[in-house]
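Take a look at the letters that make up each chain.
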Amino acid sequence: MASDDSFSYSLLAPGPVNIHPDVRQALSLPMIHHRTPEFDKILKKVLQGMKTVFQTAQDVYMLTSTGSGGMEALLVNLMSPGEKVLAIVSGKFGERWAEMAKVFGAEVITYNVPWGEAAEISEVQNLLRQHPDTKLVLCQACETSTAVAHPIREIAEVIHKLPNTLFLVDAITALGAYPLPMDEWHIDGIVAGSQKAFMLPTGMSFVSLSAKAWQHVENAKCPRFYFDLRKEKKANSAGETFYSSNVAVIRGLAVVLDMIEQRGLNALFHDIQRRAEFTRKWGQKLGLKLYAKSPSDSVTALMMPTTIDGQKVRLHLEEKYNITIMGGQDQAKGKIIRIGHMGYIRDAEMVHLLESLGKTLQHFDPHFISDADLIKLVADAKADLEKHS
Ligand SMILES: Cc1ncc(COP(=O)(O)O)c(C=O)c1O
């Protein structure tokens, strides 16, 4: 594995993320055709390896589209116009999925969860009792705009008992970041994205369906062409992708899956959890509150003091310290900053971010923290991180 301890730029957004040097190398190899024995071998290995990350015995399909394409693929392969869809909407991405279902003709029942909060199981149960004919329930595992992790296991348990209702999970900012065992938890459809815990460039989505979900694919009446998973299923079983394969990203994925295989999936989860715990602990010690009541390990949202605009903090970090994090969206714009924990992140980058964030807050409000307190805080944080390495 190539070592690369220096960094001049840190991409610490909740996706896209820093890419490992070995993966960058794989991405830059000379192009090969996707209908060749050389690529067939890679594809076979990758399709097998993806099952490990999805923790499923089902096949995983790789689509050359961003995550939103994968969200669409799940809908159009399972839904018919006029059917009821219960959309759990707790932020921007929940809104997007609900809107998509409407575009495809669903009767959408919305469970609006206040931003920063997680869905309540009892409310999901109530809504399903009121609408027993619900075909699909949609939920983000992590709603990236609020950094909230939803109780996926518990929601899945409720839906698993209903013979004609399927649970679809947008795990774009969750799969590969923390445990989400698809088969064990009885999730019917999952979508993941290449630019998140898979540590790759943006542009691929990965989806899988449960056996229960596959029973609905033939009867779903939504129009579908590019995202017709039946085509992909047939092609994959013949050792190919239906359309031209995204050779570069799939070769990068092969390297990522090798790394995961060598260290184990739990080691990947552990790395991400450690970064999340560091950010939550030291962000709060710096004087910032957590925005999410049920925080995800993949991304942390820190609330800005009322005197400081989060958008300015974000820009200052980029311009002065070469660190990209994200601000808030819509109702959280200016009020929060969001820090991602997925991808190739070295400890020194996390310490650099903490120090730079402290200095940035000082820049906008000189009374926020003293120089001496910031120096001590950063030294303590660094020692803490080393202790837990
Ligand atoms: C939870 C969630 N869902 C959906 C998306 C949309 O993915 P994409 O931008 O790859 O289409 C994102 C992107 O960040 C996301 O975080």
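Not measured: the values here are computed from a predicted model.

Novice: Could you clarify how one ought to interpret the overall build of the protein chain in this entry?
Specialist: Helix and strand counts for the protein chain come out as 14 helices and 14 strands. A compact globule built from 389 residues would reach a C-alpha radius of gyration of about 21 Å, and the protein chain, at 21 Å, matches this within 12%. Taken along its principal axes, the extent of the C-alpha atoms in the protein chain is 65 × 55 × 30 Å. Looking at the protein chain as a whole, 47% of its 389 residues qualify as buried. The contacts of the protein chain with a sequence gap of at least 6 include a subset with a gap of at least 24, amounting to 71%.

Novice: What exactly am I supposed to notice about the sheet that holds strand β14 (residues 336-340) here?
Specialist: Pairing between sheet strands relies on hydrogen bonds along the backbone, with the strands arranged either parallel or antiparallel. Spatially, β11-β14-β13 is the arrangement adopted by the 3 strands of the open sheet, whose pairing is antiparallel. Of all strands in the sheet, those with a lone pairing partner are β11 (299-303) and β13 (326-327), marking the two edges. Together, β11 and β14 form the strand contacts of helix α11 (residues 265-285), whose direction differs from that of β11 by roughly 10°.

Novice: What am I meant to see in the site of the ligand here?
Specialist: Taken together, the residues surrounding the ligand are Gly-15, Thr-66, Gly-67, Ser-68, Phe-93, Gln-140, Thr-144, Asp-170, Ile-172, Thr-173, Gly-193 and Thr-202. Counted by class, the shell around the ligand contains 2 nonpolar, 9 polar and 1 charged residues.

Novice: Whenever I open this one, unusual backbone geometry confuses me. Can you help?
Specialist: With the exception of glycine, most residues fall at negative phi, and the peptide bonds are largely trans. Of note, the bond from Gly-15 into Pro-16 is cis; its omega dihedral lies within 30 degrees of zero at -5°. Note that Pro-16 resides in the loop between β1 (10-11) and α1 (21-27). Of note in this structure, Gln-55 is not a glycine but carries a positive phi near 50°. Assignment of secondary structure puts Gln-55 in the loop between α2 (37-54) and β2 (60-63). One non-glycine residue, Ala-147, lies in positive phi territory at about 65°. Relative to the helices and strands, Ala-147 is located in the loop between β6 (142-143) and β7 (148-149). Classification of Ala-147 as buried rests on a count of 31 C-beta atoms within 10 Å.

Novice: Help me understand the domain arrangement of the protein chain, please; the structure alone is not making it clear to me.
Specialist: The accessible area lost on association of the parts is a frequent measure of interface size. Per the domain assignment, the segments making up the protein chain are domain 1 (10-16 + 264-387) and domain 2 (21-261). Computed over C-alpha atoms, the centres of domain 1 and domain 2 are 28 Å apart. Tallying the contact residues gives 27 residues for domain 1 and 28 residues for domain 2. Sorting the residues of the side of domain 1 that touches domain 2 by element identifies α11 and β11 as the ones contributing at least two each. Top contributing element to the side of domain 1 that touches domain 2 by residue count: α11, with 5 residues.

Novice: Please clarify how the sheet that holds strand β10 (residues 205-209) should be interpreted in this entry.
Specialist: Here we have 7 strands laid out as an open sheet, ordered β2-β10-β9-β8-β5-β3-β4, and mixed in their pairing. One side of each edge strand has no neighbouring strand; the edge strands of this open sheet are β2 and β4 (107-112). Taken pair by pair, the neighbouring strands of this sheet meet at an average axis angle of 20°, ignoring direction. Helix-sheet contacts for helix α4 (residues 92-103) involve β3 (84-89), β4, β5 (134-140) and β8 (166-170), and the interaxial angle to β3 is about 165°.

Novice: What am I meant to see in α2 here?
Specialist: In an α-helix, one full turn covers 3.6 residues, which means residues spaced three or four apart are oriented alike. Across its 18 residues, α2 extends 26 Å between first and last C-alpha, which sits within 8% of the 26 Å expected from 1.5 Å per residue. Within the span of α2, buried status applies to Leu-43, Val-46, Met-50, Val-53 and Phe-54. Here the buried residues of α2 occupy an arc of 85° about the axis, which is enough to place them on one side. In this structure, α2 carries Pro-37, Lys-41 and Gln-48 as exposed residues pointing more than 90 degrees from its buried face. Looking at the buried side of α2, the elements it contacts are β2, α7 (182-185), β9 (189-193), β10, α10 (247-263) and α11.

Scoring rules and cut-offs
Residues numbered from 1 in each chain as written. Predicted model: local features only at pLDDT ≥ 70, side-chain atom pairs only at ≥ 80, totals over all residues. Helix = DSSP H or I, 4+ residues; strand = E, 2+ residues; numbered from the N terminus. Rg over C-alpha atoms; globule rule 2.2 N^0.38 Å. Buried ≥ 20, exposed ≤ 12 C-beta atoms within 10 Å, placed from the backbone. Contact = placed C-beta atoms within 7 Å. Pairing = 2+ DSSP bridges. Axes fitted to C-alpha atoms, helices over the stretch in contact; angles between N-to-C directions. Near = placed C-beta within 6 Å. Nonpolar A, V, L, I, M, F, W, Y, C, P; charged D, E, K, R; others polar. Domains from an automatic or database assignment. Expected span 1.5 Å × (residues − 1). Arc of directions from axis to C-beta.

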